[in-house]
Amino acid sequence: MIRRLHDLMAVVVFLGLAAWVSAETPSRLDLMGPEWQENAISYSGYRDGQSPRDQIFPSQAEILEDLRILEKHWSLIRTYATDRHSRDVLEVIRREDVDLTVMLGAYFAREPGGEAANDRQVDDCIELANAYSDVVVAVNVGNEALIDWSFSPVPEYRMRRFVRRVRKGV
């Protein structure tokens with residue numbers, strides 16, 4: 001029951017934020033066209049040679065370029081973690097008055113072994129959500145950490161603690 005409930009919650013979040021692409025959909029979509037104007041989209045602005053694993057992040061100018069395109073078609077973006085990229089996204093949205101709101105993600109590392117990093121993600125998520133309360137309208141805590149196919153699983157009892165900390169702190 002618990003596993004199915006968590007899987008369902010993950011699917012509901014995903015369905016609420018993105019449109020499903022069916023098998024009949026062409027492999028190259030024109031996301032700039034008027035027929036593709038949904039409410040939200042996940043955003044990761046990494047370009048060739050940039051990677052969060054290597055700590056090479058898009059510049060704020062690159063982020064602004066992306067966000068100006070996205071704001072024409074969506075009202076909400078989802079970020080994946082509380083790293084430099086998400087901090088820059090929040091800063092650019094506020095400073096440049098970009099017409100987007102954010103669902104801020106907290107990305108978790110595999111446990112055991114990732115406990116300290118995961119605690120930092122939660123602390124940073126709370127900090128950023130409060131500091132950018134005019135931009136952050138929701139938080140996403142460990143989106144895929146409880147799904148059985150996750151490559152970065154976190155024990156359920158830890159996820160409950162993380163969610164409670166975020167609810168209390170934001």
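Residues numbered from 1 in each chain as written. Predicted model: local features only at pLDDT ≥ 70, side-chain atom pairs only at ≥ 80, totals over all residues. Heavy atoms only, no water.

Once that is clear, we can look at the confidence of the model for the chain. Mean pLDDT over the chain stands at 83; residues scoring 70 or higher make up 78%. Confidence, read as mean pLDDT per element, is least for helix α1 (residues 2-17) in the chain (37) and greatest for helix α3 (residues 84-95) (98). Note on residues 1-26: pLDDT under 50 across the span, and 21 contacts to partners over four residues away in sequence or across chains. (pLDDT = per-residue confidence, 0-100. Helix = DSSP H or I, 4+ residues; strand = E, 2+ residues; numbered from the N terminus. Contact = heavy atoms within 4.5 Å.)

Moving on: the environment of Glu91. Mapped onto the elements, Glu91 comes out in helix α3. Distance from Glu91 to Val135, taken between C-alpha atoms, is 9.3 Å for residues 44 residues apart in sequence. Once residues lying within four places of it in the same chain are set aside, the contact partners of Glu91 are Gln60, Arg84 and Tyr132. Side-chain polar atoms of Glu91 contact the side chain of Gln60, separated by 3.4 Å. (Polar contact = N/O pair within 3.5 Å; in protein donor to acceptor, adjacent residues only side chain to side chain.)

Another point: the pairing of strand β4 (residues 136-141). Here strand β3 (residues 101-106) pairs with β4 via 5 bridges, running parallel. Of the residues in β4, the one forming a bridge with Gly105 is Asn140. (Pairing = 2+ DSSP bridges.)

For the rest of this paragraph, the subject is the side chain of Asn118. Its place among the elements puts Asn118 in helix α4 (residues 115-131). On the basis of relative accessible area, Asn118 is assigned to the buried category, the value being 0%. Reaching out from Asn118, the side chain makes a polar contact with the backbone nitrogen of Ala109 at a distance of 2.6 Å. In contact with Asn118, not counting residues within four places along its chain, are Tyr107, Phe108, Ala109, Glu111, Val154, Arg158 and Phe162. (Buried < 20%, exposed > 50% of the residue type's maximum accessible area, 1.4 Å probe, protein only.)

Checked against the element boundaries, Asp66 lands in helix α2 (residues 60-70). Reaching out from Asp66, the side chain makes a polar contact with the side chain of Arg47 at a distance of 2.9 Å. Aside from chain neighbours lying at most four places away, what touches Asp66 is Tyr43, Gly45 and Arg47.

Looking now at the pairing of β3. Counted residue by residue, β3 has 5 buried out of 6 residues, so it is predominantly covered. Both strand β2 (residues 76-78) and β3 contribute to a ladder of 3 bridges, which runs parallel. Its bridge partner lying in β3, Arg78 is registered against Met103. With respect to chirality, the unit in which β2 leads through α3 into the neighbouring parallel β3 is right-handed. With respect to chirality, the unit in which β3 leads through α4 into the neighbouring parallel β4 is right-handed. (Right-handed = clockwise from strand over helix to strand, strands pointing away.)

A separate point is the packing of aromatic side chains. Applying the stated criterion across every chain yields a total of 2 aromatic pairs. Each ring, one from Tyr46 and one from Phe57, has its centre 6.2 Å from the other, and the planes form 45 degrees; the classification is tilted. With Tyr46 in the loop between β1 (40-42) and α2 and Phe57 in the loop between β1 and α2, the pair connects residues that are 11 residues apart, well separated along the chain. Under the relative-accessibility criterion, Tyr46 is labelled partly exposed at 22%. A relative accessible area of 18% places Phe57 in the buried class. When the centroid spacing of 4.7 Å and the interplanar angle of 35 degrees are considered together, the rings of Phe108 and Phe162 count as tilted. Of the two residues, Phe108 sits in the loop between β3 and α4 while Phe162 sits in helix α5 (residues 156-169), which places them 54 residues apart along the sequence. For the pair Phe108 and Phe162, one class covers both residues: buried. (Phe/Tyr/Trp six-rings, centres within 6.5 Å; stacked < 30°, edge-to-face > 60°.)

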